[in-house]
Amino acid sequence: MADTPIGAFAPARSVKAPGRLRRRYSLLTRRDKIVLAVMVAIPTLIQLVFIWIPTVLSILLSFVRWNGLAFSDIRPAGTANYEFVFKDYPPFIPALQHNILWLVFLAVIATPIGLLLAILLDQNIRGSRIYQSIFFAPVMLSLVLIGVIWQLFYSQNNGLLNFLLGTSGTPRAIDWFGDPNINIWAALIAATWRHAGYVMILYLAGLKGVDPALREAASLDGANAVQTFFRIVFPVMRPINIVIVVITIIESLRAFDIVYIINGGRNGLELISALVIQNLVGEGQVIGVGSALAVILLVVSLVPIVIYLSRTFKKDA
């Protein structure tokens, strides 16, 4: 026992020392926890106030009759508002058709234009930054301002387009926004002007992130530029493609500002979003019908997005 080292029998308290250290030193201080709680609470509160609560109220109001004046005038209506929209509301079917047309046009015309612009600007051409700024400029403008700009462009008497066609100030001048047979196409071109720039920036960011080694490997295998893009580069940008599909669907279904600036969403420019505002705002308020239209728009917006995302992430699983 005389040769036993002094530290051979350490006191039991030394085993508990790490535990005390863990209690004493925390990764987050009290102040950090308060700051983190505030950072989480504020965005959550904003979403509750501006998104979830209005959504729930819209769903509830779609099942009542109310003129928007006094709460005592609220009367239960069951599904009568939805039946009225689908059976006895003439603008609804044209508005639904126009929303579908808007989606197809943005997907088939505007998005490929944005992709083409991104491919061209990815070639490191001279003045690439200037061209990017020019094409992206419409994205920074509000849709209201874009509607005003295109009104000046399409004006029947003093518009730039009729001036270029040589019909300005003559009986042959085309009323681009007044003719219900062509005004939807004029509005779609105006929407494309903005949407293509947005898609261009997203795809350009995706192209810059593609590993150059992939293109070099494809070139060594004998693939040309087109084959390299569609078989190598485009599939690699799958996350960007998902974002653009979702954005395109949302943009097409929430389109409102341009048509409302043109003619209030009437006379050939009916959209579901415009019908919602027409029923919720003004002297002839029909809150129940407007809320039913808003719920229909919500469902139409969510269904394709949920289906697409579920199938996409299911493939990745």
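Everything that follows concerns the structure shown earlier in this document.
The structure presented is a predicted model; accordingly, all values stated were derived computationally and were not measured.

Caption draft 1: Quick peek at helix 5 (residues 128-140). When the terminal C-alpha atoms of helix 5 are compared, their 18 Å separation across 13 residues agrees well with the 18 Å that a helix rising 1.5 Å per residue should span. Inspection of helix 5 places Ser128, Gln132, Pro138 and Val139 among the buried residues, and these make up the whole buried set.

Caption draft 2: Seen up close, the side chain of Asn162. Considering the arrangement of structural elements, one finds Asn162 in helix 7 (residues 160-165). Relative accessible area serves as the criterion here: at 0%, Asn162 is assigned to the buried category. A polar contact is formed between the side chain of Asn162 and the side chain of Trp176, at a distance of 3.1 Å. For Asn162, the contacting residues outside a window of four places in its chain are Ser155, Gln156, Thr167, Ser168, Ala173, Ile174 and Trp176.

Caption draft 3: View of the pattern of salt bridges. Scanning the model with the defined rule gives four salt bridges in all. The salt bridge involving Lys208 is made with Asp122; its shortest N-O contact spans 3.3 Å. Here Lys208 is found in helix 8 (residues 183-208), whereas its partner Asp122 is found in the loop between helix 4 (92-121) and helix 5, with 86 residues between them in sequence. Since its relative accessible area comes to 11%, Asp122 is described here as buried. A salt bridge links Glu251 to Arg254; its shortest N-O distance comes to 2.8 Å.

Caption draft 4: Here's a closer look at empty space enclosed by the protein. A complete count under the given rule lists one cavity of 30 Å³ or more for this structure. The volume enclosed by the largest cavity comes to roughly 130 Å³. For the lining of the largest cavity, the elements supplying multiple residues, two or more each, are helix 4, helix 8 and helix 12 (257-263). Top element by residues in the lining of the largest cavity is helix 8. It accounts for three residues.

Quick notes on the rules
Residues numbered from 1 in each chain as written. Predicted model: local features only at pLDDT ≥ 70, side-chain atom pairs only at ≥ 80, totals over all residues. Heavy atoms only, no water. Helix = DSSP H or I, 4+ residues; strand = E, 2+ residues; numbered from the N terminus. Expected span 1.5 Å × (residues − 1). Buried < 20%, exposed > 50% of the residue type's maximum accessible area, 1.4 Å probe, protein only. Polar contact = N/O pair within 3.5 Å; in protein donor to acceptor, adjacent residues only side chain to side chain. Contact = heavy atoms within 4.5 Å. Salt bridge = Lys/Arg side-chain N within 4 Å of Asp/Glu carboxyl O. 1 Å grid on protein atoms, 1.4 Å probe; cavity = no way out; pocket = protein on both sides within 12 Å on 5 of 7 lines; lining within 4 Å. Points joined across faces, edges and corners; volume = space filled by probe spheres on them.

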